[in-house]
Amino acid sequence: MKPLLDRIVAGRYCVGCGLCASVAEPGALEMAENADGFLVPRRRKPGTEPPSLREFCPGITLKQPRAHRGPEKIYGPFASLWTAHAVDEEIRRKASSGGCISALLVYLLEQGEVDGVLHVGKAAADPLRNQTYFSVSREDVLRRAGSRYAPSALLAGWLDCLRTGKKIAVVGKPCDIAAVDRFLALHPEFEPQIACKISFLCMGVPSQNGTNRLVAALGLAEADVRDFWYRGEGWPGKATAIDAAGARREMSYEESWGRILSKDVNFRCKICPDGFGEFADVSCGDAWFAREGRPDFAERPGRSLAFIRSERGRKLFEAARAAGYVAAEPFAVEDLKTIQLSQYQRKIHAGVRIAALKLLGDRLLDFSGFCLLANLGKARLASVVRNFWGTVRRRRAA
Ligand SMILES: Cc1cc2nc3c(=O)[nH]c(=O)nc-3n(C[C@H](O)[C@H](O)[C@H](O)COP(=O)(O)OP(=O)(O)OC[C@H]3O[C@@H](n4cnc5c(N)ncnc54)[C@H](O)[C@@H]3O)c2cc1C
């Protein structure tokens, strides 16, 4: 049988977080872009298997141990739910939604609660790609604000970062944060260094090819892009490329995400039971306004959604509000389905999608605690059948 790492990558279950590369023997694995435009581990030394891979790889193992009641079956455990935005107008405007994540990070840094923040931003050498940064100031955080709808290997240097002994906040996709959570369960000695785990709602990571297609649709060759961002400068903001002559080319969020990027999402993301960032202390999303029963993407001052999921998250959020970094209002969970309909649909169909893979012989996936069966009961029979065959088709096309 092939080594587990190879089976994860071949099965297209790798989420590209990079934790395996970090914990493997030094120099054994590196994260590299594959032909589909996703970051996956590549061996630099033959045969190396990272220790405890089965236990921590979020591509195949996700275990939600906390009990779920009522709406938590869909949205994961949470203590409270808010709409929020950064009080600092520059952060609010530069960020993806309301800048809640960046405002919390600036609070942590300015109050001396952390030495730095491990998170992702635009790569210094290539505006179309991502890079992991250790931010230590408001200016650093501001530079990295905004969603990057492309692969990122947040945790490829995770152990090196922890071994500095610094106290950190970490921001990542739900799967990145699930990996951190599992890692800390295996290595509790590092827990005191983690001030906060922050995530965001995630419908899936588009490949690098998705970004390249977006740029092509803006009429540019990759080499001609001097700067590029997906969101920001308003809410939802526009995907914007600056060409070599300094001219701007723009595309609406609806078009860039809806027509291009969302068509190029990782196979593993299609079966994800954790789009709402259940393993984080705080997880944020877009608190869209609703119009005629659908999210309304008209430009407005930014507004984030914030799930407070732990006591540590509650203390941080309350302190940041009290200190004037974040403004917030309670949000009724009953109103969530309308504005996060795609997330809701994926969650209720996750069970049938995973079951389809198991029926096809998959032995890798070990997801538990997400109320998959109870949630499937909310789906219509016709859509259960459609989702089953959709997954079978996607798997066979892989
Ligand atoms: C791939 C992807 C899919 C998403 N899907 C949804 C969705 O379905 N529904 C929804 O409501 N929101 C979704 N979001 C989140 C949304 O775009 C905002 O990030 C969220 O509303 C928080 O906004 P903010 O203004 O508080 O964050 P900001 O203050 O702008 O901070 C964003 C933080 O996210 C980090 N980050 C950005 N891109 C990445 C990345 N690729 N990998 C790891 N970290 C990153 C940055 O480092 C930064 O710290 C998605 C984001 C991404 C990147």
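Report on the accompanying structure. (Residues numbered from 1 in each chain as written. Predicted model: local features only at pLDDT ≥ 70, side-chain atom pairs only at ≥ 80, totals over all residues.)

Glancing now at the overall build of the protein chain. A count of helices and strands for the protein chain gives 17 helices and 17 strands. For the protein chain, the C-alpha radius of gyration of 20 Å lies close to 21 Å, the compact-globule estimate for 398 residues. A principal-axis box enclosing the C-alpha atoms of the protein chain has dimensions of 55 × 50 × 50 Å. Counting the 398 residues in the protein chain, one finds 46% classified as buried. Taking the intrachain contacts of the protein chain between residues at least 6 apart in sequence as the baseline, contacts between residues at least 24 apart amount to 72%. (Helix = DSSP H or I, 4+ residues; strand = E, 2+ residues; numbered from the N terminus. Rg over C-alpha atoms; globule rule 2.2 N^0.38 Å. Buried ≥ 20, exposed ≤ 12 C-beta atoms within 10 Å, placed from the backbone. Contact = placed C-beta atoms within 7 Å.)

A few words on the sheet that holds strand β6 (residues 130-135). Across the sheet, 8 strands lie side by side as β6-β5-β7-β8-β12-β15-β4-β16; this open sheet has mixed pairing. With one partner strand each, in any of the chains shown, β6 and β16 (326-330) form the two edges of the open sheet. Neighbour-to-neighbour, the strand axes of this sheet turn through a mean angle of 30 degrees, independent of strand direction. The pairing of strand β8 (residues 194-200) with strand β12 (residues 282-286) spans 3 bridges and is classified as parallel. Note on β12: the bridge partner recorded for S199 is S283. Against the sheet, helix α9 (residues 174-186) engages β7 (168-172) and β8, with an angle of about 150 degrees to β8. (Pairing = 2+ DSSP bridges. Axes fitted to C-alpha atoms, helices over the stretch in contact; angles between N-to-C directions.)

Another point: the site of the ligand. In the vicinity of the ligand lie 34 residues, with A95, S102, H119, M203 and G285 positioned nearest. Only α6 (100-110), β5 (116-122), β7 and β12 provide two or more residues apiece to the shell around the ligand. Classifying every residue of the shell around the ligand by side-chain character gives 14 nonpolar, 16 polar and 4 charged. (Near = placed C-beta within 6 Å. Nonpolar A, V, L, I, M, F, W, Y, C, P; charged D, E, K, R; others polar.)

Let us now look at the environment of S256. Assignment of secondary structure puts S256 in helix α11 (residues 253-260). Placed 117 residues apart in sequence, S256 and E139 show a C-alpha to C-alpha distance of 27 Å. The residues touching S256, leaving out its near neighbours within four places in the chain, are L214, Y230, A239, M251 and L261.

The next point concerns unusual backbone geometry. A cis geometry characterises the amide bond from W235 onward to P236, with omega recorded as 5 degrees. Structurally, P236 can be placed in the loop between β9 (225-229) and β10 (239-243). One non-glycine residue, S52, lies in positive phi territory at about 60 degrees. Considering the arrangement of structural elements, one finds S52 in the loop between β2 (39-43) and α3 (53-56). In the Ramachandran plot, E292 falls in the positive-phi region, its phi being about 50 degrees despite a non-glycine side chain. By the secondary structure assignment, E292 is in the loop between β13 (289-291) and β14 (294-296). Judged by the 6 C-beta atoms lying within 10 Å of it, E292 is exposed.

Glancing now at the pairing of β7. The element β7 is largely enclosed, with a buried count of 5 among its 5 residues. Of the two faces of β7, the one lined by I168, V170 and G172 and the one lined by A169 and V171 are each fully buried. Examined bridge by bridge, β5 and β7 share 3 bridges and lie parallel to one another. Its bridge partner lying in β7, V117 is registered against A169. The pairing of β7 with β8 spans 5 bridges and is parallel. Bridge assignment links I168 to a residue of β8, and that residue is I194. Between β7 and its parallel partner β8, the chain crosses via α9, and the hand of that crossover is right-handed. (Right-handed = clockwise from strand over helix to strand, strands pointing away.)

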